[in-house]
Each structure stands twice: as structure tokens, then as C-alpha cells.
Amino acid sequence: TPRGQDIMAACGQLKSASIIMAEDYPMNRLLAKSLFTKWGLNLKIVNNGKELLSAIDKYDYDIILMDIQMPEMGGVEATKILREKGVKTPIIAITGFSFKDEKLLCKEAGMDDFLIKPFEEKDLKQKLLNYLNINDSDLPDLELNSFKNSKLKLEYCNLDYIKELSAGDPIFVEDVLTVFLTEV
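What counts as what
Residues numbered from 1 in each chain as written. Predicted model: local features only at pLDDT ≥ 70, side-chain atom pairs only at ≥ 80, totals over all residues. Heavy atoms only, no water. Helix = DSSP H or I, 4+ residues; strand = E, 2+ residues; numbered from the N terminus. Buried < 20%, exposed > 50% of the residue type's maximum accessible area, 1.4 Å probe, protein only. Axes fitted to C-alpha atoms, helices over the stretch in contact; angles between N-to-C directions. Left-handed = near helix turned anticlockwise from the far one by under 90°. Contact = heavy atoms within 4.5 Å. Nonpolar A, V, L, I, M, F, W, Y, C, P; charged D, E, K, R; others polar. Pairing = 2+ DSSP bridges. Core = buried A, V, L, I, M, F, W, Y, C linked by side-chain atoms within 4.5 Å. Polar contact = N/O pair within 3.5 Å; in protein donor to acceptor, adjacent residues only side chain to side chain. Phe/Tyr/Trp six-rings, centres within 6.5 Å; stacked < 30°, edge-to-face > 60°.

## Things to note about unusual backbone geometry
The backbone of E72 shows a phi angle near 70°, a positive value even though the residue is not glycine. Secondary-structure assignment places E72 in the loop between β3 (63–67) and α4 (75–84). Residue E72 is classed as exposed on the basis of its relative accessible area of 63%.

What follows is the structure, given as C-alpha cells:
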């Protein structure tokens with residue numbers, strides 16, 4: 001049926017999308033890796049803007065998720081360089097701050113969108129769908145909703161939340177706790 005073909009095409013487009021994330025904080029890196037794995041999406045994670053520039057020189061990505069404050073090279077500086085090179089890939093800023101000046105700085109650097117940590121998973125999902133030009137109604141409900149109503153929030157250590165994110169993977173729980181103990 002045409003509807004079935006639309007669903008198959010949207011799922012295929014989403015699953016084949018190549019996304020890169022520049023994020024230096026180990027806990028956020030682990031959460032992103034877990035989330036994208038459960039969604040069945042391709043995600044490459046690098047530590048900073050410098051590593052991101054190197055990765056983009058070697059491979060074309062469909063979306064860039066960019067932390068703003070990172071060592072060696074932050075997201076704003078990396079974005080300016082990418083735009084000067086003519087890279088048109090959508091860049092979504094991810095930051096822990098929501099200052100008006102920071103949003104303006106990101107926009108002036110050439111970023112396309114903005115997410116403030118902690119964010120709702122549905123907000124990230126919607127931005128990914130928007131920038132990949134995929135209609136949300138073309139996706140089956142179960143496709144990206146494995147963590148319905150949960151937030152990527154690390155203000156405190158909630159073991160139940162970590163277990164929920166792990167989807168039964170004890171190694172993930174161990175990794176998160178190890179990172180938490182070494183970083184805190």
C-alpha cells in the first residue's frame with residue numbers, strides 16, 4: 001500500500017541518517033550513545049570542535065549536534081569554521097545555558113537550531129525529523145519512543161532512570177556508574 005511504502009521509506013531514511021555529536025562530558029556521551037543505539041540510529045561522538053572538524057573533512061554527515069562549551073575548541077568556533085568552509089549540514093546547538101546572548105551567538109555563528117540541557121527526548125526526536133525532512137506521521141509510534149516521557153537530566157543519580165535507559169543492559173549501567181563515580 002502507499003501508506004506502507006511511506007512508512008518503510010521514512011524508517012529507512014531515518015535509520016540510514018548519519019549524525020555526529022561533539023560532546024566532551026562523559027556522562028552525556030554515554031546517554032547519547034545509549035539513546036541513539038536504542039533508536040537504531042547512527043551516531044558518531046567526538047570530544048570537541050577540533051575533532052569534529054577532522055571528522056567532517058573525512059565524511060559527510062546529515063546532522064551535527066554541537067555542545068557549546070568544550071575544551072580545545074568550542075561549538076561556536078567550530079561552527080564558524082564549518083560555515084566558512086561552505087559546510088551546509090544542519091547544526092543543532094546543545095547547551096546547558098539558555099542565555100539570550102548565547103542563542104544569538106549560536107545563530108550568528110551559523111547554527112540552525114538550539115536545545116537546552118536537560119531536554120525532552122521528544123524534542124530531540126522532532127528536531128532530527130525536521131532536519132531530515134521526515135514526516136512524524138510516517139513513522140510507527142514504537143520507532144523512537146522507547147523512553148517515553150523521560151528526560152536527559154543528570155542533576156542527581158537516579159538508578160531507576162539509569163536502568164530504564166539501559167533497556168536491560170547491565171554493562172551500560174556499570175559504565176554509567178563508573179563514569180559518574182570518576183567524574184563526581
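## Comments concerning the packing of helix α2 (residues 26–39) against helix α6 (residues 121–131)
With their axes 13 Å apart at the nearest point, α2 and α6 run at an angle of 60° to one another. Where α2 crosses over α6, the handedness of that crossing is right-handed. Here L35, F36 and W39 of α2 come into contact with α6, specifically with E121, L124, K125 and L128. Looking at the contact of α2 with α6 residue by residue, the class counts come to five nonpolar, no polar and two charged.

## So, the sheet that holds β3
In spatial order, the strands read β2-β1-β3-β4-β5; together these five strands make up an open sheet with parallel pairing. For this open sheet the edge positions go to β2 (42–46) and β5 (113–116), each flanked by a neighbour on one side alone. Within this sheet the neighbouring strands show an average axis-to-axis angle of 20°, counted without direction. Taken together, the four bridges between β3 and strand β4 (residues 91–95) define a ladder with parallel strand orientation. Counterpart to I64 in the pairing with β4 is I91. Strand contacts of helix α5 (residues 100–109): β4 and β5, with the helix running at about 145° to β5, the strand carrying the most contacts.

## A look at the nonpolar core
Formed by 23 residues in total, the largest nonpolar core has its most connected members in I20, L52, I56, I64, M66 and L82. Those elements that provide at least two residues to this core are β1 (18–22), α3 (49–58), β3, α4, β4 and α5. The greatest single-element share of this core, amounting to four residues, is contributed by α3. Ignoring any residue separated from it by four or fewer positions in sequence, one finds I64 in contact with I20, L52, I56, L82, T89, P90, I91 and I92. The next biggest cluster of nonpolar side chains, apart from the first, holds 19 residues, and it includes M21, L35, I94 and L132.

## A look at the environment of K127
Examined against the element boundaries, K127 turns out to sit in helix α6. Along the primary structure K127 and F114 are separated by 13 residues, whereas in three dimensions their C-alpha atoms are 9.2 Å apart. Non-local contacts of K127, meaning those with residues more than four positions away in its chain, are made with I92, D113, F114 and L115. There is a polar contact of 2.9 Å between the side chain of K127 and the side chain of D113.

## Digging into the pairing of β3
Among the five residues that make up β3, five are buried, leaving the element largely enclosed by the rest of the structure. Side chains of β3 alternate between two faces, with I63, L65 and D67 and I64 and M66 buried alike. When β1 meets β3, the two strands line up parallel, connected through four bridges. From the neighbouring strand, I19 faces β3, where its bridge partner is I63.

## Some words on the packing of aromatic side chains
Across all of its chains, the model carries one aromatic pair by this definition. Seen from their ring centres, Y59 and Y61 are 4.9 Å apart, and the 65° between their planes marks the pair as edge-to-face. Note on Y59: relative accessible area 46%, which makes it partly exposed.

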